Amino acid sequence: MTNDAQQSTERRLQFASDNYAGICPEAWESMAAANRGYACSYGDDPWTERACRLMRDFFETDCEVFFVFNGTAANSLALASLCHSFHSIICHETSHVETDECGAAEFFSNGTKILLVPGEHGKVDLEAVDHTVHRRSDIHYPKPKALSITQATELGTLYTVDELHRVGELARRLSLKVHMDGARFANAVAALGVHPSELTWKAGVDVLCFGGTKNGMAVGEAVIFFNRELAAEFDYRCKQSGQLASKMRFLAAPWVGLLESGALLKHAAHANACAAALEARLRAIPGVGIRFPRQANSVFADLPPGVVSALQAKGWHFYTFIGSGGARFMCSWETTDGDVEHLASDIEAAAR
Ligand SMILES: *Cc1c(COP(=O)(O)O)cnc(C)c1O
């Protein structure tokens, strides 16, 4: 193999994360179009206006829309706008907000405490939420104010529309605001085949952090306030935290490209289908187990001893953070059927 061919093969040994993928053509073309000539700065440009309009069409409601650079900022600024420093945020013990954001939610809210609840397959247990709120009502306990859920979850599972309604009803009863971490929201919409409104404001979600990066954009997440009152002064919060892009059109343009072309859900559905195909292949391999229900674009597998190191020796990239023999394989818009088959056959060979 020539050096170039070898490098391009190595680049494909990749199931680590959907943010290892490149920029999809629709996002790329839209950025190129936004690059033709001058435009006003700080969001005062036609691309941002168009992206906001498309977002309102997508959700069929008059929501407030903001564009920030990444998911950690989106989540923590959104949560900070729901809470005072003496409040608390309830979320699942595996949530990104808790385990992967370096305390950003606490930092940007000036100390709002995160309270963890368990729950099967990465979804919050509603009894545990209820218990966490009612456990104490005195002034010494940080008053629960927000419930944060992730859709699709960190374990690649989905809340159904019914489950989301139950989350929303409980939150309303407990006077909690609902935040949704939707880093993979597009995958959830594509997998469930329902209108985005059914998974958000119709179920009582107050604010959604809508991921673009993991679905084909270079950078950028949208913060969508369905509860418009909560968006008051959010622009100041973005500016103070260094999240107000001066060339905002380049955060907005990819959304225009993905929403107008329909590629947003097409790419997400493709990633989900790749994960489904991988799951089917792995289920047929003796000794390989599937750890959580495969519902979006990731497969969590239990691999026989030695398989993880054999795959790593071949150059495959994937996460093993779920413990011994456990592996997470994440598919993206860029994953091909060939990649899936290549990985599955390497696992098959290593498991023999
Ligand atoms: C990737 C991800 C984010 C965003 O992470 P950033 O690296 O800050 O962009 C947020 N939530 C979940 C569940 C994620 O997987």
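Residues numbered from 1 in each chain as written. Predicted model: local features only at pLDDT ≥ 70, side-chain atom pairs only at ≥ 80, totals over all residues. Heavy atoms only, no water.

Moving on, we get to the overall build of the protein chain. When helices and strands are counted, the protein chain shows 14 helices and ten strands. At 21 Å, the protein chain has a C-alpha radius of gyration in line with the 20 Å of a compact globule built from 352 residues. Counting every position in the protein chain, which comprises 352 residues, the buried fraction comes to 51%. Long-range contacts, defined as pairs at least 24 residues apart, comprise 76% of the intrachain contacts of the protein chain with a sequence gap of at least 6. Of the accessible surface of the protein chain, which amounts to about 15500 Å², a share of 50% is contributed by carbon and sulfur atoms. Side-chain charges of the protein chain comprise 32 positive and 42 negative groups, with the mean position of each set lying 1 Å from the other. (Helix = DSSP H or I, 4+ residues; strand = E, 2+ residues; numbered from the N terminus. Rg over C-alpha atoms; globule rule 2.2 N^0.38 Å. Buried < 20%, exposed > 50% of the residue type's maximum accessible area, 1.4 Å probe, protein only. Contact = heavy atoms within 4.5 Å. Areas by Shrake-Rupley, 256 points an atom, 1.4 Å probe, with all protein chains shown as cover. Lys, Arg positive; Asp, Glu negative; His and termini not counted. Charge placed at Lys NZ, Arg CZ, Asp CG, Glu CD.)

Moving on, we come to empty space enclosed by the protein. Applying the stated criterion across every chain yields a total of one cavity of 30 Å³ or more. Lining the largest cavity we find Ala152, Thr153, Glu154, Leu155, Gly156, Arg184, Ala296, Asn297, Ser298 and Met330. Grouping the amino acids of the lining of the largest cavity by side-chain chemistry returns four nonpolar, four polar and two charged. Split by domain, the lining of the largest cavity shows at least three residues from each of two domains, domain 1 (3–21 + 264–351) and domain 2 (25–261). (1 Å grid on protein atoms, 1.4 Å probe; cavity = no way out; pocket = protein on both sides within 12 Å on 5 of 7 lines; lining within 4 Å. Points joined across faces, edges and corners; volume = space filled by probe spheres on them. Nonpolar A, V, L, I, M, F, W, Y, C, P; charged D, E, K, R; others polar. Domains from an automatic or database assignment.)

The next point concerns helix α7 (residues 126–134). Of the residues making up α7, those classed as buried are Ala128, Val129, Thr132 and Val133. The buried side chains of α7 occupy one side of the element, clustering within an arc of 135 degrees when seen end-on. Away from its buried face by more than 90 degrees, α7 exposes Glu127 and His134. Turning to α7, the residues buried within the fold contact β2 (87–92), β3 (113–117), β4 (143–150) and α8 (161–173). Where α7 starts, the residue carrying a side-chain oxygen 3.0 Å from the main-chain nitrogen of glutamate 127 turns out to be aspartate 125. (Arc of directions from axis to C-beta. Polar contact = N/O pair within 3.5 Å; in protein donor to acceptor, adjacent residues only side chain to side chain.)

Right, let's talk about the nonpolar core for a bit. One finds Met55, Phe67, Phe210, Ile224 and Trp255 to be the most contacted residues of the largest nonpolar core, which totals 59 residues. Among the elements that take part in this core, helix α11 (residues 249–261) stands out by supplying eight residues, more than any other. Composition of this core by domain shows at least three residues from each of domain 1 (3–21 + 264–351) and domain 2 (25–261). Not counting residues within four places of it along the chain, the set of residues in contact with isoleucine 224 comprises Met55, Phe59, Cys63, Glu64, Val65, Asp206, Val207, Leu208 and Phe210. Counting residues in hydrophobic clusters, the runner-up holds 25 residues, among them Ala275, Val299, Trp316 and Phe318. (Core = buried A, V, L, I, M, F, W, Y, C linked by side-chain atoms within 4.5 Å.)

In this section: the domain arrangement of the protein chain. Note: interface size is frequently given as the accessible area lost on complex formation between the parts. Domain annotation for the protein chain reports domain 1 (3–21 + 264–351) and domain 2 (25–261). On a C-alpha basis, the centroid separation for the pair domain 1 and domain 2 is 27 Å. Taken together, the two surfaces of domain 1 and domain 2 that pack against each other cover about 1900 Å², and 61% of this comes from carbon and sulfur. On the domain 1 side of the contact with domain 2, Leu264, Leu265 and Gln295 bury the most area, a combined 33% of that side's loss. Counting across the interface, domain 1 meets domain 2 through two salt bridges. With a closest N to O distance of 2.7 Å, aspartate 18 and arginine 184 form a salt bridge. Counting every contact that joins domain 1 to domain 2 gives nine residue pairs in polar contact (both at pLDDT 80 or more). When residues of the side of domain 1 that touches domain 2 are traced back to their parent elements, those giving at least two are α12 (263–283), β9 (298–302) and β10 (326–330). The element that contributes the greatest number of residues to the side of domain 1 that touches domain 2 is α12, accounting for eight residues. A breakdown of the residues in the side of domain 1 that touches domain 2 according to their chemical character gives eleven nonpolar, seven polar and three charged. (Buried area = accessible area lost by both parts, 1.4 Å probe. Salt bridge = Lys/Arg side-chain N within 4 Å of Asp/Glu carboxyl O.)

So, about the side chain of glutamate 221. Locating glutamate 221 in the fold gives a position in strand β7 (residues 221–225). No salt bridge forms around the buried glutamate 221; measuring N to O, its nearest opposite-charge neighbour lysine 214 is 6.8 Å away. Among the polar contacts listed, one links the side chain of glutamate 221 to the backbone nitrogen of glycine 212, at a separation of 3.4 Å.

What follows covers unusual backbone geometry. In this structure, the amide linkage connecting glutamine 151 to the following residue, alanine 152, adopts the cis form with an omega of -10 degrees. Following the sequence through the fold, alanine 152 ends up in the loop between β4 and α8. Although it is not a glycine, cysteine 102 adopts a positive phi angle of roughly 55 degrees. Assignment of secondary structure puts cysteine 102 in the loop between α5 (96–99) and α6 (104–108). Its identity is not glycine, yet serine 175 carries a phi of approximately 55 degrees, on the positive side. Relative to the assigned elements, serine 175 resides in the loop between α8 and β5 (177–182).

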